[in-house]
Number of protein chains: 2
Amino acid sequence: MKIVLLGSGNVASALGVALQLANHDVAAVWSRTAAHAKELADKLHTVFTDELSALPVDADLYILSVSDDAINTVATDAFFDGKLLVHTSGTSSINIPKISGVFYPLQTFSKQRAVDFTTVPILVEGLTDQITDLLVNLANSISKTVQKASSHQRKALHVAAVFANNFSNHLFAIAENILKYNGMEFDLLKPLIAETAAKVQVLSPQLAQTGPAVRNDQLTINSHKTFLAEHDSLELYALFSKSIANLSQTP
Amino acid sequence: MKIVLLGSGNVASALGVALQLANHDVAAVWSRTAAHAKELADKLHTVFTDELSALPVDADLYILSVSDDAINTVATDAFFDGKLLVHTSGTSSINIPKISGVFYPLQTFSKQRAVDFTTVPILVEGLTDQITDLLVNLANSISKTVQKASSHQRKALHVAAVFANNFSNHLFAIAENILKYNGMEFDLLKPLIAETAAKVQVLSPQLAQTGPAVRNDQLTINSHKTFLAEHDSLELYALFSKSIANLSQTP
């Protein structure tokens, strides 16, 4: 397919690479900031612009991969009249003027790390069955895991992803701070973090749970709370301990 | 070394296997519950008892791997007079009667999963330099990562491990619940969880952070809060979003 990428962030960048690997034609990159567009276009050996009116008008698909608050602003441009425009957001609905579909890759992308896109689940939604089919086919060309999802389901998935990724990453940052403060290196926790993630690939997280909260070991919980008395994270510690105990009592 | 294992839980079990792999002699397993002792002793092809007085008296080391509230009770037994007794707890201090050292393996152990013990950091502490050296040597025989740590540092590490492992696992359980409630499978999140853990092996978690909270994307945060309005996890969502924003503003 002949595709135009609108946006130059982590998602646009990873998507551009994956589309080219599957032999799609990334015909141009647009960004509001010309330098950002150029950076990604150089990586993809394609052309760039910061003017929508300078983009090719004959692409099969225009993929809008910008922040949620920018989607509305960009999508309303008259350039997109009669064109197939989709966004890549987990949270934004399909019901946005001139948006015909959604192409949501569920992964955390950083410019510093290459991700194997064939392992990235892609959730698609189209305004018509024909658009949905086109997006499913495109998704199947770059990923092994493709599903249709409604805007509501996609939002649920995005919220769940925030818990699973952003919040757990923040817990790692808190753990790093606790160690640094006590003269130890974050490296000590890396095998534990790797095993935590590996375990839930094969065991339900509820079954995988260990530690003082699920054992209702109040001696240890209180000792940890005392330890954290002066620390910002005491509130999180208490809330988690309560929440884990509640979940473990749910049949 | 000739070693007696006191306890039959996940840590005792993983440790017993690792000690045997390194050609140590696990001479007996003790547990307050004979059936539990038998189960582990069978796995290790050794003998078991639920009577401390029936244990070999000539072992080089007695490793007490029981819950924190049981350590004091077991350790006070007259059997341990003149013997080298260490515990494996992250939280308990070395200052417990008849305890001479600590041998703390930092990992989450489940009976369902075998862990490569050579990758498990072991933190040791001894009442004397001689005991510390003996424990360091033993730890080096089963792991590539061995460090001395004070009781205070070990507690910091255990608290950090609770954040990094138990709490992140609980976030995965919450994410699973959100997906189930909306008719989707937890499988969709597995690549994201794997990448979350893989990323912090090479990037500091603070640098690895992505998502609405670190971008200060209030539109998405508010949309997620509305989505979670009826859900138990709204309080955690709000607390994390605030905490991530605070950390990202720290220079």
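Below, the structure is looked at part by part. From a predicted model like this one, the values you see are computed outputs, not experimental measurements.

### Here we look at unusual backbone geometry
Most peptide bonds are trans, and most residues other than glycine sit at a negative phi.
Residues and elements named next belong to chain A.
Move 1: The residue His-45 is not glycine, and still its phi comes out positive at about 55 degrees.
Move 2: With respect to the element layout, His-45 can be found in the loop between helix H2 (34-44) and strand E3 (47-49).
Move 3: Residue classification places His-45 among the exposed positions, given a relative accessible area of 75%.
Move 4: Its identity as a non-glycine residue notwithstanding, Lys-98 has a phi of 70 degrees, on the positive side.

### A look at the environment of Arg215(A)
Move 1: By secondary structure assignment, the location of Arg215(A) is in the loop between helix H7 (205-208) and helix H8 (218-227).
Move 2: Judged by relative accessible area, which is 46%, Arg215(A) ranks as partly exposed.

### Brief notes about the pattern of salt bridges
Where charged atoms from two side chains of opposite charge come close, those side chains can pair.
Move 1: Tallying each qualifying case throughout the model produces 14 salt bridges over all chains.
Move 2: The salt bridge involving Glu125(A) is made with Arg154(A); its shortest N-O contact spans 2.7 Å. With a gap of 29 residues between them, Glu125(A) in strand E7 (residues 122-126) and Arg154(A) in helix H5 (residues 151-181) connect regions that are remote in the sequence. Comparing Glu125(A) with Arg154(A), the two get one shared label, buried.
Move 3: With a closest N to O distance of 2.7 Å, Asp42(B) and Lys38(B) form a salt bridge.

### Notes on the relation of the copies chain A and chain B
Move 1: Rotating chain A by 180 degrees and translating it 0.0 Å along the rotation axis places it on chain B, where the RMSD comes to 0.0 Å. With respect to symmetry, the two chain copies, as superposed, fit the operation of a two-fold axis. Relative to the rotation axis, the C-alpha of Ser168(A) is the closest in chain A, positioned 2.4 Å from it.

### Describing the packing of aromatic side chains
Move 1: Across all of its chains, the model carries 17 aromatic pairs over all chains by this definition.
Move 2: Seen from their ring centres, Tyr62(A) and Phe79(A) are 5.7 Å apart, and the 80 degrees between their planes marks the pair as edge-to-face. Of this pair, Tyr62(A) sits in strand E4 (residues 61-64) while Phe79(A) sits in the loop between helix H3 (68-75) and strand E5 (85-87), placing them 17 residues apart in sequence. Of the two residues, Tyr62(A) and Phe79(A), both sit in the buried class.
Move 3: Here the aromatic cluster, defined as three or more aromatic residues joined through ring pairs, consists of Phe163(A), Phe167(A), Tyr237(A), Phe240(A), Phe163(B), Phe167(B), Tyr237(B) and Phe240(B).
Move 4: In this arrangement the basic side chain of Lys83(A) is found over the ring face of Phe79(A), its NZ or CZ atom lying 4.3 Å from the centre.

### Concerning the sheet that holds strand E1 (residues 2-6) of chain B
Residues and elements named next belong to chain B.
Move 1: Taken in spatial order, the 8 strands line up as E3-E2-E1-E4-E5-E6-E7-E8 in an open sheet, and their pairing is mixed. The open sheet has two edge strands, strand E3 (47-49) and strand E8 (146-148), and neither has a second partner. Averaged over all adjacent pairs, the angle separating strand axes in this sheet is 25 degrees, with direction ignored.
Move 2: Pairing geometry for strand E7 (residues 122-126) and E8, over 3 bridges, is parallel. Bridge pairing in E8 places Leu-123 opposite Gln-147.
Move 3: The sheet strands contacting helix H5 (residues 151-181) are strand E5 (85-87), strand E6 (101-105), E7 and E8, and the helix crosses E6 at an angle near 20 degrees.

Rules of the game
Residues numbered from 1 in each chain as written. Chains lettered and ligands numbered in written order. Predicted model: local features only at pLDDT ≥ 70, side-chain atom pairs only at ≥ 80, totals over all residues. Heavy atoms only, no water. Helix = DSSP H or I, 4+ residues; strand = E, 2+ residues; numbered from the N terminus. Buried < 20%, exposed > 50% of the residue type's maximum accessible area, 1.4 Å probe, protein only. Salt bridge = Lys/Arg side-chain N within 4 Å of Asp/Glu carboxyl O. Least-squares fit on C-alpha atoms with pLDDT ≥ 70 in both. Phe/Tyr/Trp six-rings, centres within 6.5 Å; stacked < 30°, edge-to-face > 60°. Lys NZ or Arg CZ within 6 Å of the ring centre and 35° of its normal. Pairing = 2+ DSSP bridges. Axes fitted to C-alpha atoms, helices over the stretch in contact; angles between N-to-C directions. Contact = heavy atoms within 4.5 Å.

Taken by themselves, the reported measurements are silent on function.
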